[in-house]
Amino acid sequence: MANVAKKVSWSGRDRDDDEDGRAGETTPLLNGTGPGAAGSGRQLTPSSFLRIGQLSNVDLNEDIHELETEVSRQHPNEIPHNEKLLSLKYESLDYDNSENQLFLEEERRINHAAFRTVEIKRWVICAMIGILTGLVACFIDIVVENLAGLKYRVVKDNIDKFTAKGGLSFSLLLWATLNASVVMVGSLIVAFIEPVAAGSGIPQIKCYLNGVKIPHVVRLKTLVIKVCGVILSVVGGLAVGKEGPMIHSGSVIAAGISQGRSTSLKRDFKIFEYFRRDTEKRDFVSAGAAAGVSAAFGAPVGGVLFSLEEGASFWNQFLTWRIFFASMISTFTLNSVLSVYHGNAWDLSSPGLINFGRFDSEKMGYTIQEIPIFIFMGVVGGILGALFNALNYWLTMFRIRYIHRPCLQVVEAMLVAAVTATVGFVMIYCSRDCQPIQGSSVAYPLQLFCADGEYNSMATAFFNTPEKSVVSLFHDPPGSYNPMTLGMFTLMYFFLACWTYGLTVSAGVFIPSLLIGAAWGRLFGISLSYLTKGSIWADPGKYALMGAAAQLGGIVRMTLSLTVIMMEATGNVTYGFPIMLVLMTAKIVGDYFVEGLYDMHIQLQSVPFLHWEAPVTSHSLTAREVMSTPVTCLRRIERVGTVVDILSDTSSNHNGFPVVESNSDTTQVAGLRGLILRSQLIVLLKHKVFVERANLNLVQRRLKLKDFRDAYPRFPPIQSIHVSQDERECMIDLSEFMNPSPYTVPQEASLPRVFKLFRALGLRHLVVVDNRNEVVGMVTRKDLARYRLGKEGLEELSLAQT
Amino acid sequence: LCRVLLPALALTLALALFGFAAAAGPRQTPALELAQELAEELWSAGLPGDLPELEPECRSLLAAFAEGSAALTGCLGRRARPVRLCQGCHGHYRRLLAQYGSIASAVGNSSESHNCAKSILTSDRLQIVVTLSEFFNETWEAANCANCLKNNSEGLSNSTEEFLDLFNKSLTCFEHNLQGQAIDLSPSNYTEVCKNCNETYKKLNDLYTHLQRINRQGGESAHSAHLCIDVEDAMNITRKLWSRTFNCSLPCSDTVPVIAVSSFILFLPIVFYLSSFLHSKQKKRILILPKRIQSNANLVNIQEKYS
């Protein structure tokens, strides 16, 4: 007991003391944590009483099952990575508040006025999210513009110099080396510092809003890497855009601001402490994602709908209104800062990172006869999108299996950058499509082999940032591109973009898709006006727009939000109808072949993602078949040693533990009393809230909800908590901290019912009980997500360590 | 005479008033014409001009404007090809601007309601004077003539003069060198020209790029990104002659090294992927058996159950 008394440590500050003490006493603890056989003796202690509940109804198979488990643990079953896996790495977020006594006490203390303050704080946070997201977007835009301008000027001067003298291969080498070295830096920081910043970040945010905790996804470090990575990969000339990553950036900003502190910087501003839990954070993250979309495309409504589409299972109208506020602030901030930067202050004419330019309804109006043509373009977009996704699927699978070392990933990114430059150069070199330089608004006109006063029109497409190329495809007057150029460009860019997506660089797929689509759409428009002898369909620009919409829809398969985003980005409401038709067709056609790019990547990452509804043919599965059993339970008053052992057991990395009545008599019914989370247990152990200490009046103050919040979101691992041998014999009373009213279902509940409860409430644990309220099993996200509708009916995914 | 005239006068008044009242009406122009004719008759008959009619000052201003615009139109038309608008017509344009200005600011001596600006510029639907002047302004803007004129738009600026001198020099050079070969008439035999005029052409080209750069740095707004049309067109003609007709700018195409370098770079990824496929250890996932009630609740079972 003396030992217990000596070890009064209320926070992690005196970790040194802990560690000093630990050196002498670690041995038993480490033995307990070890995965070897040594733990088995101790593990029996919890499991022997944990089975109390099942003894009545467990069948004889169980022993065999246990044996199998033991065997397989000795010889781990190794398989190559495939899409039918669920990774153990991903955990759920706790959207459901743990309604324990502490929580109820705090909520009761907050009066009406205080709730109003909280509401005002929410609005303030949303405004800050909007402003900061807009500023980050400005920063990215300005830096990219300047760096890319510098690069293109250098290369252009070089090419101009060598065109006259000969030795263009040096220009090619210069271009390729510049690209590769810039991309190398971008890829290095992503691969070695923060791998989660790779890609567009939309799949990750989708998962987050779905309720999956992706490690590191909303950290400040990720934001920094993401922003730098995007700048470098766009400047590096990859076939990528900077729009997708804005959504991720907005989310990180939202998550950071709403917590009022940064764990990376180790700064706590002591504000917004009320929002330090997953429920509130998720709301702000959805606002951040909306602000990101709105900054990227100048589409505030589209941003709100994006959040709605991706995280809509938990929604209310006040939240929607707040999110809309954040989006508007974000696009307004971007707009005003950029207008100041461009020298015409308060003009407010550049609402988004990508600006599709003005689509005049007079010049680019459409007639009813064109609707079938647009729908046909949607079909083409769906097919091409499916092709894109299928190719990218194989590539990603290959990458996961073979190119998993960071240095290989960096080399791959560099190679792609070099090849992109080479392909661009060769295309420009071979192209004989010259256009007069006068009256065109080309930023970097490359003459190359054209006559003086003309420029190479292939170079406008390749020798430019993708955003600018998209806009010039939309708006350049008819005749600026010849069909051959467009065809070759589409073909090359399709493969380049497909190859690029999934590299270890942070980059989005929106702009490349738009660019591919705009190129073939324009080609389509030109050939159409050629076929009809140029009667009414004179302007290929609107076909470029529809092609872009079709291609993007075919690749990402977003519906409502994408329609609105495109509509807002063009600033023309009359295009809403054809864009909607095109996107619908593209989605229908594409879904026939293969699923959307983001869903595909979520699946390939083995994320336990819950879709809108349970698989349609799953009605005859019941909770009994779905649940995991046996469940590791805790008694209401539990021995500390047992708790530590359970938490340390690496083979069962559980996060929620049902709490049962603590009677030592094993024959009696041990009914479910509540549910306690691993994080709560760890905080309890850290603060040493033991019954004996309370009896000895050693506890200076009661534990408050604040202590749990301070530890959020990075709870220390159990290994860092030191519990001495004497303390192991103490008892811990969980009744005050457990959630006394967990959601439960009976064994007979069908899978769709369980699924609905789980998805709609954002649960993390669902306890399955029998009719005597004894714990029979536990349903978690992974138990539900493993059922999936595959090609041949219902499939079951297997769990794997990744 | 009075008996004849009075009804006519009444008619005139009525018509004129009708024309004023229904300024947007379809019948106003013939009505006005009619009124005009009748008014002229009245004038010739020596009647006092208290009709809704232009005052003499205004009439003369209008006449000056008409002459000025006719002169400018003629100038523009004559100098359309090769484009010499800014050099030739800036005087006309300046005069027309002044005339328009005097109309817009002139106030007739009788009363405010009768000032020239109002009666000439805004009293009918067509507003032909305004339209004309807008047309000239727009043309001038589009041609970007302000760019090659002096700041007070009197005469060409120095750089433009210099450029045009050089342009004329190169044209004469072309002519001189072509005279010898005119008999040959074979299109590939312009090597003389290329050799002899290369220097002048280079100078011209450099000056043009220089002017462009200065222009781009100076003016930030979009429309001043172009040089004035005279300079642009002169350069265009020369460049076309040089590279299309004479075929002088033959860039040395080094296809072989480019192909070599590019195929080397394109070859690298293949090597990379092959080597990583062959040498990299395939990533294995360790399967974890879930704890379930029935160990036979596997895929096959489900398939049998539901198919």
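As the structure is a computational prediction, the values presented were derived from the model and not from experiment.

Take the domain arrangement of chain B next. Residue and element names in this part refer to chain B. Partitioning chain B into structural domains gives domain 1 (56-143) and domain 2 (158-245). Contact with domain 1, which involves nine residues of that partner, is made by nine residues of domain 2. Taking both partners together, domain 1 and domain 2 bury about 710 Å²; carbon and sulfur atoms supply 51% of that area. Summed over the three residues of domain 1 that lose the most area to domain 2, namely Val-83, Gln-87 and Ala-143, the buried surface amounts to 51% of that side. Connecting domain 1 to domain 2 are one salt bridge. When the shortest N-O distance is used, the salt bridge between Asp-233 and Arg-81 registers 3.2 Å. Along the contact surface separating domain 1 from domain 2 lie five residue pairs in polar contact (both at pLDDT 80 or more). Those elements giving two or more residues to the side of domain 1 that touches domain 2 turn out to be α4 (85-105) and α6 (128-143).

Read from one edge to the other, the open sheet built from four strands follows the order β1(A)-β1(B)-β19(A)-β2(A), with strand pairing classed as mixed. Looking along the sheet, the strands with just one partner apiece sit at the ends: β1 (77-80) and β2 (85-87) of chain A. Pairs of neighbouring strands in the sheet enclose a mean axial angle of 50°, with direction left out of account. Across three bridges, the pairing between strand β19 (residues 798-801) of chain A and strand β1 (residues 284-288) of chain B is antiparallel. Within β1 of chain B, the position partnered with Ala-800 of chain A by the bridge is Leu-287 of chain B.

So, on to the sheet that holds strand β16 (residues 775-780) of chain A. Residue and element names in this part refer to chain A. With respect to topology, three strands assemble into an open sheet ordered β14-β15-β16, the strand pairing being mixed. The open sheet has two edge strands, β14 (744-746) and β16, and neither has a second partner. Recorded for the sheet is a direction-independent mean angle of 30° between the axes of neighbouring strands. The sheet contact formed by β14 and strand β15 (residues 765-769) spans three bridges and is parallel.

Residues and elements named next belong to chain B. With 65% of its residues at a pLDDT of 70 or more, chain B has an overall mean of 72. The least confident element of chain B is helix α11 (residues 299-306), whose mean pLDDT is 47; the most confident is helix α10 (residues 255-279), at 89. The low-confidence segment residues 17-28, where pLDDT is below 50, has nine contacts with residues more than four positions distant or belonging to other chains. The model gives residues 295-307 a pLDDT under 50, and that stretch makes 18 contacts with residues more than four places away or in other chains.

This paragraph deals with the packing of helix α3 (residues 56-78) of chain B against α4 of chain B. All names here are of chain B. α4 packs onto α3 with a crossing angle of 165° between their chain directions and a minimal axis gap of 9 Å. The pairing of α3 with α4 is recorded here as roughly antiparallel in orientation. The two elements α3 and α4 meet at a crossing, and its hand is left-handed. Between α3 and α4, the contacting residues are Leu-61, Ala-64, Phe-65, Gly-68, Ser-69, Ala-71, Leu-72, Cys-75 and Leu-76 on the first element and Leu-85, Gly-88, Cys-89, His-92, Tyr-93, Leu-96, Gln-99, Tyr-100, Ser-102 and Ile-103 on the second.

This chain's UniProt record puts "domain: CBS" (unreviewed entry) on residues 738-796 of chain A. Secondary structure within residues 738-796 of chain A divides into 27% helix and 37% strand; the distance between the first and last C-alpha atoms comes to 33 Å.

Residues and elements named next belong to chain B. Summed over the entire model, instances satisfying the criterion amount to two disulfides over all chains. Sulfur-sulfur distance for the disulfide between Cys-75 and Cys-89 comes to 1.9 Å. Around the S-S axis, the bridge from Cys-75 to Cys-89 shows a dihedral of about -95° and counts as left-handed. Of this pair, Cys-75 sits in helix α3 while Cys-89 sits in helix α4, placing them 14 residues apart in sequence.

Within the largest apolar cluster, 177 residues are counted, with the highest numbers of intra-cluster contacts made by Leu-168, Phe-356, Phe-388, Ile-428, Phe-462, Phe-463 and Phe-474 of chain A. At 15 residues, helix α7 (residues 112-165) of chain A tops the list of elements feeding residues into this core. Core analysis: the second largest hydrophobic core is formed by 39 residues, Val-83, Trp-140, Cys-145 and Val-231 of chain B among them.

Further remarks concern the UniProt feature "transmembrane region" (unreviewed entry) in chain B. UniProt tags residues 256-278 of chain B as "transmembrane region" (unreviewed entry). Across residues 256-278 of chain B one finds 100% helix and 0% strand; the C-alpha atoms that close the span lie 33 Å apart.

This part is about the interface of chain B and chain A. Interfaces are often sized by the accessible area lost when the parts come together. Taken together, the contact between chain B and chain A spans 51 residues of the former and 74 residues of the latter. Here chain B meets chain A over a buried area of about 5,700 Å², counting both sides, of which 60% is carbon and sulfur. Linking chain B with chain A are zero salt bridges, by the criterion used here. Run the count over chain B and chain A and you get five residue pairs in polar contact (both at pLDDT 80 or more). Counting only elements with at least two residues in the side of chain B that touches chain A, the list comes to α8 (191-218), α9 (229-245), α10, β1 and α11 of chain B. It is α10 of chain B that provides the largest number of residues to the side of chain B that touches chain A, a total of 13 residues. Note that β1 of chain A and β1 of chain B share four bridges and pair antiparallel. When the bridges of β1 of chain B are listed, Glu-78 of chain A appears paired with Ile-286 of chain B.

Definitions and limits used
- Residues numbered from 1 in each chain as written.
- Chains lettered and ligands numbered in written order.
- Predicted model: local features only at pLDDT ≥ 70, side-chain atom pairs only at ≥ 80, totals over all residues.
- Heavy atoms only, no water.
- Domains from an automatic or database assignment.
- Contact = heavy atoms within 4.5 Å.
- Buried area = accessible area lost by both parts, 1.4 Å probe.
- Salt bridge = Lys/Arg side-chain N within 4 Å of Asp/Glu carboxyl O.
- Polar contact = N/O pair within 3.5 Å; in protein donor to acceptor, adjacent residues only side chain to side chain.
- Helix = DSSP H or I, 4+ residues; strand = E, 2+ residues; numbered from the N terminus.
- Pairing = 2+ DSSP bridges.
- Axes fitted to C-alpha atoms, helices over the stretch in contact; angles between N-to-C directions.
- pLDDT = per-residue confidence, 0-100.
- Parallel < 35°, antiparallel > 145°, perpendicular 65-115°, else oblique.
- Left-handed = near helix turned anticlockwise from the far one by under 90°.
- UniProt positions renumbered as here; feature names shortened; annotations may be inferred.
- Disulfide = S-S within 2.5 Å.
- Core = buried A, V, L, I, M, F, W, Y, C linked by side-chain atoms within 4.5 Å.
- Buried < 20%, exposed > 50% of the residue type's maximum accessible area, 1.4 Å probe, protein only.

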